[in-house]
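Descriptive analysis of the structure
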Amino acid sequence: MGTTQLETVPEPKYWHLKTVLSDALDSEFAVGEILPNERELAARFGVARATLRQALEQLELEGRLQRRRGVGTTVAPPRVGVAVAPARHTWPGAPGDDWQPVDAAQSDTVPAAVARLLQTVPGEQVHIVRRTRVTNGQPVAAELLYVPSAAVPGHTEGPVRSAPARARAVLHELQELELEGQDRTVELGSARAEDARQLDRLPGAPVLVVTTRYVSGGRTTAVAVSTYRADTCRLTFGASDEVSLLAG
């Protein structure tokens, strides 16, 4: 990648730099290769480091680059197609589900957006099931599934269980209910610290957040908030799925 000075262009400087860098990634770098450090790149292109960071952040958002702890910025492999809804009208944990149960706990505190969807009242107990999804040995998504305790009255804590067994117990109770419908929304977000740890990402990295609302008995019975790595995932949906894309 030779020295290139950016001339005055009608588009933002970082956007033009992003295009130049993208061409260089195609022609001069291999997947997994580490890019020169920011100081070298900024000097090579004659731009401020703030401008360079904007371009690199955009390329990361587009899945061209990955920031890895203790490694640096590397060229990302092509995005992996991840089916969000391979089957319609199935509860989480149904046969064929690609998610792995991690743990479950009860809480009387849930995010405000989830509380609105569930129509819970302050202090109401909710099961929070944590799950993860792995593709080709790589973590690609983390999920929090919220189920009001009143929605699964047959669930009991019972004897001490392992963390995954606690999660499976709540999922099993959901299978006993009649699923009347489900809908999804997708929006761009930033990885929270906890999600970042599970996904082997840096906090604040771009992610795709899929919120799924499950309806049974005429009301919202469960809400799943699934966080996908934006740098490695290309989400695919069934032909019959109606997905609402929200601008973040």
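Further up the page is the structure itself.
Residues numbered from 1 in each chain as written. Predicted model: local features only at pLDDT ≥ 70, side-chain atom pairs only at ≥ 80, totals over all residues. Heavy atoms only, no water.

So, about the overall build of the protein chain. Each helix and strand counted, the protein chain has six helices and 11 strands in total. Across the 248 residues in the protein chain, those meeting the buried criterion constitute 42%. In the protein chain, once contacts between residues fewer than 6 apart in sequence are set aside, the share between residues at least 24 apart is 68%. Here the protein chain displays about 12600 Å² of accessible surface, and carbon together with sulfur accounts for 51% of that area. (Helix = DSSP H or I, 4+ residues; strand = E, 2+ residues; numbered from the N terminus. Buried < 20%, exposed > 50% of the residue type's maximum accessible area, 1.4 Å probe, protein only. Contact = heavy atoms within 4.5 Å. Areas by Shrake-Rupley, 256 points an atom, 1.4 Å probe, with all protein chains shown as cover.)

Moving on: the packing of helix α1 (residues 13–28) against helix α3 (residues 49–61). In the contact formed by α1 and α3, the axes pass within 8 Å of each other and the chain directions differ by 55 degrees. In terms of their interaxial angle, α1 and α3 are classed as oblique. As for the relative orientation of α1 and α3, their crossing is right-handed in sense. Contact residues: Lys13, Tyr14, Trp15, Leu17, Lys18, Leu21, Ser22 and Leu25 in α1; Thr51, Leu52, Gln54, Ala55, Leu56, Gln58 and Leu59 in α3. By residue class, the composition of the contact of α1 with α3 is nine nonpolar, four polar and two charged. (Axes fitted to C-alpha atoms, helices over the stretch in contact; angles between N-to-C directions. Parallel < 35°, antiparallel > 145°, perpendicular 65-115°, else oblique. Left-handed = near helix turned anticlockwise from the far one by under 90°. Nonpolar A, V, L, I, M, F, W, Y, C, P; charged D, E, K, R; others polar.)

Mapped onto the fold, proline 77 is located in the loop between β2 (72–75) and β3 (80–83). By relative accessible area, which is 30% here, proline 77 ends up partly exposed. Remark: the alpha-carbon pair of proline 77 and glycine 63, spanning 14 residues in sequence, is separated by 8.2 Å. Apart from residues lying up to four places away in sequence, proline 77 is in contact with Val31, Gly63 and Gln66.

With that settled, consider the packing of aromatic side chains. Throughout the structure, instances matching the rule amount to three aromatic pairs. Ring geometry for tryptophan 99 versus tyrosine 228: centroids 6.0 Å apart, planes at 75 degrees, classification edge-to-face. You can see tryptophan 99 sitting in the loop between β3 and β4 (100–107) and its partner tyrosine 228 sitting in strand β9 (residues 219–229), a full 129 residues away along the chain. A single burial state applies to tryptophan 99 and to tyrosine 228, both of which are buried. Looking at lysine 18, its charged tip hangs above the ring of tryptophan 15, at a distance of 3.9 Å from the centre. (Phe/Tyr/Trp six-rings, centres within 6.5 Å; stacked < 30°, edge-to-face > 60°. Lys NZ or Arg CZ within 6 Å of the ring centre and 35° of its normal.)

Under the defined criterion, the tally for this structure stands at 11 salt bridges. Because the salt bridges share partners, they merge into one network encompassing Glu38, Arg49 and Arg53. (Salt bridge = Lys/Arg side-chain N within 4 Å of Asp/Glu carboxyl O.)

Since the α-helix turns once every 3.6 residues, residues separated by three or four places project in the same direction. Spanning 16 residues, α1 covers 22 Å between terminal C-alpha atoms, matching the ideal 22 Å at 1.5 Å per step. Considering only its buried residues, α1 is in contact with α2 (38–45), α3, β1 (65–68) and β2. (Expected span 1.5 Å × (residues − 1).)

This next bit is on the side chain of glutamine 58. Within the element layout of this structure, glutamine 58 appears in helix α3. Setting aside residues no more than four positions away along its own chain, glutamine 58 makes contact with Trp15 and Lys18.

Moving on to the pairing of strand β5 (residues 126–135). Taking burial as the measure, the 10 residues of β5 include seven buried ones, the bulk of the element. By the bridge criterion, 10 bridges tie β5 to strand β6 (residues 138–148) in an arrangement that is antiparallel. Its bridge partner lying in β6, threonine 135 is registered against glutamine 138. Counted between consecutive antiparallel strands, the loop separating β5 from β6 contains two residues, among which asparagine 136 sits at a positive phi close to 55 degrees. (Pairing = 2+ DSSP bridges.)

Moving on, we come to the packing of α2 against α3. Where α2 meets α3, the closest approach of the two axes is 9 Å, and the angle between their N-to-C directions is 105 degrees. Between α2 and α3, the interaxial angle falls into the category roughly perpendicular. Along the contact surface, α2 presents Glu38, Arg39, Leu41 and Ala42, while α3 presents Arg49, Leu52, Arg53 and Leu56. The residue makeup of the contact of α2 with α3, split by class, is four nonpolar, no polar and four charged.

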